[in-house]
Amino acid sequence: MMDVTVASIALVLAAPIMLVVAILILVTDGGPAIFSHTRVGFNGKRFACYKFRTMVANSEQVLANYLASNPEAAEEWEQNLKFRNDPRITLLGHVLRKSSLDELPQLINVLRGDMSCVGPRPVVPDELQRYGACAIDYLRTRPGLTGLWQVTGRDAIDYPSRVSIDSRYVRNWSIWADVVILIRTVFAVMRFDHAS
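Read on for an overview of the structure.

Conventions used here
Residues numbered from 1 in each chain as written. Predicted model: local features only at pLDDT ≥ 70, side-chain atom pairs only at ≥ 80, totals over all residues. Heavy atoms only, no water. Buried < 20%, exposed > 50% of the residue type's maximum accessible area, 1.4 Å probe, protein only. Helix = DSSP H or I, 4+ residues; strand = E, 2+ residues; numbered from the N terminus. Arc of directions from axis to C-beta. Polar contact = N/O pair within 3.5 Å; in protein donor to acceptor, adjacent residues only side chain to side chain. Contact = heavy atoms within 4.5 Å. Patch = residues over 30% accessible without salt bridge, like charges linked within 9 Å, V, L, I, M, F, W, Y side chains within 5 Å. Areas by Shrake-Rupley, 256 points an atom, 1.4 Å probe, with all protein chains shown as cover. Salt bridge = Lys/Arg side-chain N within 4 Å of Asp/Glu carboxyl O.

**A short note on helix 4 (residues 91-99)**
Right, so step 1: Inspection of helix 4 places Gly 93, Leu 96 and Ser 99 among the buried residues, and these make up the whole buried set. End-on view of helix 4: buried residues confined to an arc of 140 degrees, all on one side of the axis.
Right, so step 2: Trailing helix 4 by a residue or two, Ser 100 shows a phi angle of about 65 degrees, which is positive.

**Considering the side chain of Asp 114**
Right, so step 1: Checked against the element boundaries, Asp 114 lands in the loop between helix 5 (106-112) and strand 3 (116-118).
Right, so step 2: A relative accessible area of 9% means that Asp 114 is categorised as buried.
Right, so step 3: Polar contacts involving the side chain of Asp 114 include one to the side chain of Arg 112, which spans 3.0 Å.
Right, so step 4: Non-local contacts of Asp 114, meaning those with residues more than four positions away in its chain, are made with Phe 47, Asn 109, Arg 142 and Pro 143.

**Notes on a nonpolar patch on the surface**
Right, so step 1: On the surface, a cluster of nonpolar side chains totalling about 310 Å² of accessible area is made up of Leu 19, Ile 23 and Val 27.
Right, so step 2: Within the element layout of this structure, Leu 19 appears in helix 1 (residues 2-29).

All we've got here are geometric facts, nothing functional implied.
So this is what it looks like as structure tokens:
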């Protein structure tokens, strides 16, 4: 009930911003404004997670070429499944990610019941195996639009720490903790230096 209420209000308030972002993506880079990627949800159910597109249209090819020609980048990708300086991200994409505006379409995922307003970070199927024993905790709840790891350190913390934080959130869940995380999220997204 809280998810639907919060997501509905947020979607109405964010609609003008989302329209502007979609137009900017179309004008500056062409192609679709919304990107969907398969993520793992509650009880292992897979779903299409929506985001504003922040990467070049041929991102898979750019990634393959970058990993093949840069051993240090390949090692970084192996450890974190992300780059500190990702060559696939567009100029507008950097702004969207730093401001977390790229994640606004996930409000639709919340209304569909795929995600929660607060929860573990949504992961791709291949990534779940890296959670080890903590995968059980992840599968016990819906992934969140925001979560404890986002307000704790975002991409400033390493991958094992993110897993540990997500697991701790699930094991100690309370509605009041979710309310606090939602409030802290407002301040966390303002810290562009730690955006994911």
